[in-house]
Amino acid sequence: MTETTFTPRVFSGIQPSGGLTLGNYLGAIKRFVDMQGDTFETIYCMVDLHAITVWQNPADLIHNTRELCAGFIAAGIDPEKSILINQSQVPEHAQLGWIFNCVARMGWMQRMTQFKDKAGKNAQNASLGLFGYPALMAADILVYHATHVPVGEDQKQHLELTRDIAAKFNPDYGVDFFPMTEPVIEGAATRVMSLRDGSKKMSKSDPSDASRINMTDDADAIARKIRKAKTDPDALPSEVKGLEGRPEARNLINIYAALSDQSVDQVLAEVGGKQFGAFKPMLAELAVSKLGPISSEMARLMNDPAEIDRILSRGSLRAREITAPILRKTYDIVGMVAPV
Ligand code: AQP
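(A) Region of interest: the site of the ligand. What surrounds the ligand is a group of 23 residues, the closest being Lys118, Asp154, Ser203, Lys204 and Ser205. With respect to the ligand, the side chain of Lys201 contributes an N or O atom lying 2.9 Å from an oxygen atom. Ser205 has a polar side-chain atom sitting 2.3 Å from an oxygen atom of the ligand. The protein chains hide 97% of the 640 Å² of surface that the ligand would expose on its own. Comparing atom positions with the cavity grids shows the ligand to sit within the largest pocket. Contributions of two or more residues to the shell around the ligand are made by strand 1 (9-14), helix 1 (22-35) and helix 6 (113-119).

(B) A look at the domain arrangement of the protein chain. Each assigned domain of the protein chain is listed here: domain 1 (9-190 + 304-334) and domain 2 (209-300). Taking the mean C-alpha position of each, domain 1 and domain 2 sit 29 Å from one another. Contact with domain 1, which involves 14 residues of that partner, is made by 17 residues of domain 2. Carbon and sulfur atoms supply 75% of the area buried between domain 1 and domain 2, which totals about 1300 Å² over both sides. Looking only at domain 1, the three residues that lose the most surface to domain 2 are Leu22, Ala74 and Ala188, adding up to 39% of its buried area. At the surface where domain 1 touches domain 2, the tally comes to 1 salt bridge.

Conventions we followed
Residues numbered from 1 in each chain as written. Predicted model: local features only at pLDDT ≥ 70, side-chain atom pairs only at ≥ 80, totals over all residues. Heavy atoms only, no water. Near = heavy atom within 4 Å. Polar contact = N/O pair within 3.5 Å; in protein donor to acceptor, adjacent residues only side chain to side chain. Areas by Shrake-Rupley, 256 points an atom, 1.4 Å probe, with all protein chains shown as cover. 1 Å grid on protein atoms, 1.4 Å probe; cavity = no way out; pocket = protein on both sides within 12 Å on 5 of 7 lines; lining within 4 Å. Sits in = over half its atoms within 2 Å of the grid points. Helix = DSSP H or I, 4+ residues; strand = E, 2+ residues; numbered from the N terminus. Domains from an automatic or database assignment. Contact = heavy atoms within 4.5 Å. Buried area = accessible area lost by both parts, 1.4 Å probe. Salt bridge = Lys/Arg side-chain N within 4 Å of Asp/Glu carboxyl O.

Written out as structure tokens, the structure reads:
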């Protein structure tokens, strides 16, 4: 069989399950912006169907979806250059998701660490959707034949599952239809950690607000959270090796490097030898200077929610030009009778 060539296409998404965090910004959105350009077609999604795998208050879900869209645009995603959508407006995601529920194996799903983390000790009471989430995520990606997916480190296992699903579907049906998607996990902040616990991921659903920097935090809140961030008593090292066994120090350095578009080596060459008392104000100033303009632009965009809704509707029409034929072709491959 000759190998199919796929259009270079980027897809990624974020759940509107709360406000955006610095982790979402550095691990995902900032890199979505970097990939927008001439090399790839870019599609970015507010994955509202994923969000309801855990309880969401309906009014909050609508607000968070619009705010997420505002965050994308404020950070530099241009709705003319990229396709911006909320997942539920493009029904082919869920339709292909069902096909993939029938391709993915129980054993594969049971290995997903994010389900174990999120369901915790109460797995029997978790929703079926939370368990099946990675198959829908595979459909989100493959319904565009996306070739590249920029994500944070925590999504690596789900991207591997996406490849496993394509690698089973194609030979099962004797086709070369779905691409082997490449995860793009790059940069200094692929896993931003909690400010209160360097062993835990910074997360929008962490009960402690002090654990994260929200994209909507004002300058005072950012400075206060960084000042109170957990650290150790030692000075900062001049070389990366000196960060070993110091997760909180590593986290703050990674954040500084990602925000200033430098490597960790470059940052340590600049700040090595400083105490945290001197470094934290530098980090706070940098964070405020980078995040402040984004959060004020988000607030401005949120004054006109109708325009955000129009952007999402236009995005979904453009998206469906790609997804509808791919879904139809999938149905044909699987053996579903088409309308005449
Ligand atoms: N701490 C992080 N560091 C780097 N990247 C991160 N991402 C999330 N947190 C970090 C990346 O952001 C994208 C969207 O993630 P998501 O919101 O869909 O789901 P999540 O990974 O479960 O994020 P949260 O904040 O932890 O959400 P909740 O609390 O609702 O579960 C992904 O690319 C992710 O890697």
